[in-house]
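Next come the chains, spelled out residue by residue.
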Amino acid sequence: QVQLVESGGGLVQAGGSLRLSCASSKLITTFNFMAWYRQAPGTQRELVASITTTGDNTLYADSAKGRFSISVDRAMNTVNLQMNRLKSDDTAVYYCKGVDYGDPTDSWGRGTQVTVSA
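The sections below set out a description of the structure shown in this document. Note that the coordinates shown come from a computational prediction; the quantities given were computed from them, not determined experimentally.

### A short note on the overall build of the protein chain
- Assigned secondary structure in the protein chain consists of zero helices and eleven strands.
- Helices (α) and strands (β) of the protein chain occur, in sequence order from the N terminus, as β-β-β-β-β-β-β-β-β-β-β.
- On C-alpha atoms alone, the protein chain measures out to a radius of gyration of 13 Å, which is about the 13 Å that the 2.2 N^0.38 rule sets for 118 residues.
- Dimensions along the principal axes, computed over C-alpha positions, put the protein chain at roughly 40 × 25 × 25 Å.

Written out as structure tokens, the structure reads:
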């Protein structure tokens, strides 16, 4: 079973930055694409950003455009989310997801908490 493990969350002041990382137990390029989602208390899980593991296509939620950047690090076998100019609305648990079209089940990490203080 594939394992995805997120790291890099924490407490940061508004306007600050965090870099989240998602490590995979299998070669990350065997996924077709990777994504970051987030879920704040009382809300549904929402897509933040996604990237093909070839790195040539990215997608961002409107709330993330211009502030967040998703990338694949093949050497470290991770997918990263650089988050800048953080706002209190960014407070949530952030989850990593991997999609392999040959696997009927998507892979999810357990999440990392990001808290942005006003």
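Having put the structure on the table, let's press on.
### Digging into the pattern of salt bridges
- One pass over the structure, following the stated rule, counts six salt bridges.
- Across the pair Arg 38 and Asp 90 runs a salt bridge, and its minimum N-O distance is 2.9 Å. You can see Arg 38 sitting in strand S4 (residues 33–39) and its partner Asp 90 sitting in the loop between strand S8 (78–83) and strand S9 (92–99), a full 52 residues away along the chain.
- On the basis of relative accessibility, which here comes to 7%, the residue Arg 38 falls in the buried class.
- With relative accessibility at 1%, the residue Asp 90 sits in the buried group.
- Sharing partners across several salt bridges, the network here consists of Arg 38, Glu 46, Arg 67 and Asp 90.

Reading guide: rules and limits
Residues numbered from 1 in each chain as written. Predicted model: local features only at pLDDT ≥ 70, side-chain atom pairs only at ≥ 80, totals over all residues. Heavy atoms only, no water. Helix = DSSP H or I, 4+ residues; strand = E, 2+ residues; numbered from the N terminus. Rg over C-alpha atoms; globule rule 2.2 N^0.38 Å. Salt bridge = Lys/Arg side-chain N within 4 Å of Asp/Glu carboxyl O. Buried < 20%, exposed > 50% of the residue type's maximum accessible area, 1.4 Å probe, protein only.

So, to be careful, I would describe these as geometric facts and stop short of saying anything about function.
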